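Below are the chains, spelled out letter by letter.
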Amino acid sequence: MYRGREGQWAFVLHRLSGVAIALYLLLHVVDISLVMYGPDGPFDRFLAFYHKWPFRIGLILVMAGVAYHALNGLRIIVMDFSSWGVRYQRILWYLVLSLTTLIGIPVLFKVVPEILAGS
Amino acid sequence: MAVRARTLEQARELYRTNWELVWWVFMRVSGLALIFLVFGHLFFNNIQVNAGDIDYDYVASRFSRSWVKVYDSFLLGLAMLHGVNGLRYSVEDYIKRPARRFWAKVGLFTAASVIFVLGVMTLWAFTYEEMGEAIRALPGG
Ligand code: HEM
């Protein structure tokens, strides 16, 4: 009943995006900490490497993961606290996917030209 | 749950369960706060500016503002707790052997603590004001 249906995919995506964001966060705090070496330290050299297009695409994936994880987290909270949420969990999941896409489109329009112009 | 623990084993079980409830609530409350904190953060640093332009001067100009330090402190603290507890859930789910599970958690918590301290130092142990006025003229400055 649960396996292979929408509920399971919702869970798998929530896990994957959550683990990805958490690992990104650990790396991100370390890279920002390089500013402690000052203006002549390694920060700018390190970031030049980060500005290459594969990493910029990685950032888009991080943002997509954040949007999905946040919206699906709301869906989980609604399911925890109302029987209404459980009844409509499948529809709510499609709503989560639609909203993630809807937020994603303007972000892509903003970021993709920047990536094409750079690197 | 009216039955009180009669053995150490049961007491341990009860103790663990209560903490799990605390974390369960925390994940939901912090999750709600993080929606605003993280969306705001992504808006400032990847929508309002071109993330490809971020350099030392940009970060120094951000960190020379007190509200950014306070904002980032909440972001750092809540995201770390929420994220590391989420990673712990995965460790509990996928690493079955008790010894391996224990050491995986020791490794995770050690790395997270070191990185957390590094993040707090970045925000509070250094002043970026000496970068001067020029910096405030920069985009996002
Ligand atoms: C994906 C695009 C992202 C970009 C371009 C970005 C950029 C930055 C920049 C420039 C700073 C330093 C200045 C400031 O805070 O304004 C910073 C700090 C920080 N970011 Fe991000 N960020 C991104 C995503 C995230 C995400 C998804 C999270 C949380 C899950 C996050 C958590 C943090 C934290 C906690 C700090 C403070 C670090 C410290 O204590 O030193 N960031 N980020």
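Cut-off values and rules
Residues numbered from 1 in each chain as written. Chains lettered and ligands numbered in written order. Predicted model: local features only at pLDDT ≥ 70, side-chain atom pairs only at ≥ 80, totals over all residues. Heavy atoms only, no water. Donors = N, O, S within 2.8 Å, 3.2 Å for Na, K, Ca; no water. Tetrahedral: all angles 85-135°; square planar, octahedral: opposite > 155°, others 65-115°. Helix = DSSP H or I, 4+ residues; strand = E, 2+ residues; numbered from the N terminus. Axes fitted to C-alpha atoms, helices over the stretch in contact; angles between N-to-C directions. Parallel < 35°, antiparallel > 145°, perpendicular 65-115°, else oblique. Contact = heavy atoms within 4.5 Å. Nonpolar A, V, L, I, M, F, W, Y, C, P; charged D, E, K, R; others polar. Near = heavy atom within 4 Å. Salt bridge = Lys/Arg side-chain N within 4 Å of Asp/Glu carboxyl O. Buried < 20%, exposed > 50% of the residue type's maximum accessible area, 1.4 Å probe, protein only. Expected span 1.5 Å × (residues − 1). Bend = angle between axes of the 7 residues up to and from the residue. Phe/Tyr/Trp six-rings, centres within 6.5 Å; stacked < 30°, edge-to-face > 60°. Polar contact = N/O pair within 3.5 Å; in protein donor to acceptor, adjacent residues only side chain to side chain. Buried area = accessible area lost by both parts, 1.4 Å probe.

A. Focus on the coordination of the iron atom of the ligand. Protein ligation of the iron atom of the ligand involves His28(A) (NE2) and His41(B) (NE2), the donor distances falling in the range 1.9 to 2.0 Å. Coordination at the iron atom of the ligand is octahedral: its six donor atoms span angles of 80 to 180° at the metal. Here the residue His28(A) occupies a position in helix H1 (residues 6–33), and His41(B) occupies one in helix H1 (residues 8–47), the pair thus bridging two chains.

B. Spotlight on the packing of helix H3 (residues 66–94) of chain B against helix H4 (residues 98–124) of chain B. All names here are of chain B. At a minimum axis distance of 11 Å, the contact between H3 and H4 shows a crossing angle of 170°. As judged from the angle between their axes, H3 and H4 are roughly antiparallel. In contact with Lys69, Val70, Asp72, Ser73, Leu76, Gly77, Met80, Val84, Leu87, Arg88, Val91 and Glu92 of H3, H4 contributes Arg101, Ala104, Lys105, Leu108, Phe109, Ala112, Ile115, Phe116, Gly119, Val120, Leu123 and Trp124. Tallied by class, residues from the contact of H3 with H4 come to 15 nonpolar, three polar and six charged.

C. Here's a closer look at the site of the ligand. Near the ligand lie 23 residues; those nearest to it are His28(A), His41(B), Arg62(B), Asp72(B) and Gly119(B). Mapping the residues near the ligand onto chains gives chains A and B. Looking at the shell around the ligand, the elements that each hand over two or more residues are H1 and helix H3 (53–81) of chain A together with H1, helix H2 (56–63), H3 and H4 of chain B. Here the residues of the shell around the ligand are counted per class, giving 15 nonpolar, six polar and two charged.

D. Geometry of the pattern of salt bridges. For the coordinates displayed, the defined rule picks out nine salt bridges over all chains. Where Arg15(A) meets Asp93(B), a salt bridge forms, and the shortest distance between an N and an O atom there is 2.8 Å. With Arg15(A) in helix H1 and Asp93(B) in helix H3, the pair connects residues from two separate chains. For Arg15(A), a relative accessible area of 17% gives the class buried. The partly exposed category is assigned to Asp93(B), whose relative accessible area is 35%. Of the charged contacts in the structure, one is a salt bridge between Asp80(A) and Arg28(B), with a shortest N-O distance of 2.5 Å.

E. Geometry of helix H5 (residues 89–117) of chain A. Counted at 1.5 Å a residue, the expected span for H5(A) with its 29 residues is 42 Å, and the 42 Å between its end C-alpha atoms agrees. Largest kink in H5(A): about 35°, centred on Leu108(A).

F. Expanded view of the packing of aromatic side chains. For the structure shown, the criterion picks out 12 aromatic pairs over all chains. Measuring from centroid to centroid gives 5.6 Å for Trp93(A) and Tyr94(A), while their planes differ by 55°, and the two rings are tilted. Taking 6.4 Å as the distance between ring centres and 65° as the angle between the ring planes, the aromatic pair formed by Phe43(B) and Phe44(B) counts as edge-to-face. Ring pairing ties together the aromatic residues Phe46(A), Phe49(A), Tyr50(A) and Phe55(A), which thus form one cluster.

G. Quick peek at the side chain of Asn50(B). Relative to the elements of secondary structure, Asn50(B) occurs in the loop between H1 and H2. A distance of 3.3 Å separates polar atoms of two side chains, one belonging to Asn50(B) and the other to Arg56(A). Here Asn50(B) is in contact with Arg56(A), Lys110(A) and Glu114(A), once residues within four sequence places are set aside.

H. A look at the interface of chain B and chain A. With 37 residues of chain B at the contact, the number on the chain A side is 36 residues. With both sides pooled, the region where chain B packs onto chain A buries about 3,100 Å², and carbon together with sulfur makes up 75% of that total. If you look at where chain B meets chain A, you find two salt bridges. Viewed at the interface, chain A and chain B are joined by 10 residue pairs in polar contact (both at pLDDT 80 or more). Mapped by element, the contributors of at least two residues to the side of chain B that touches chain A are H1, H2, H3 and H4 of chain B. Considering only residue class, the side of chain B that touches chain A consists of 24 nonpolar, nine polar and four charged.

I. Quick look at the environment of Pro98(B). You can see Pro98(B) is positioned in helix H4. In the structure, Pro98(B) is positioned 14 residues away from Val84(B) in sequence and 19 Å away in space, judged by C-alpha atoms.

What is shown is where atoms sit, not what they do.
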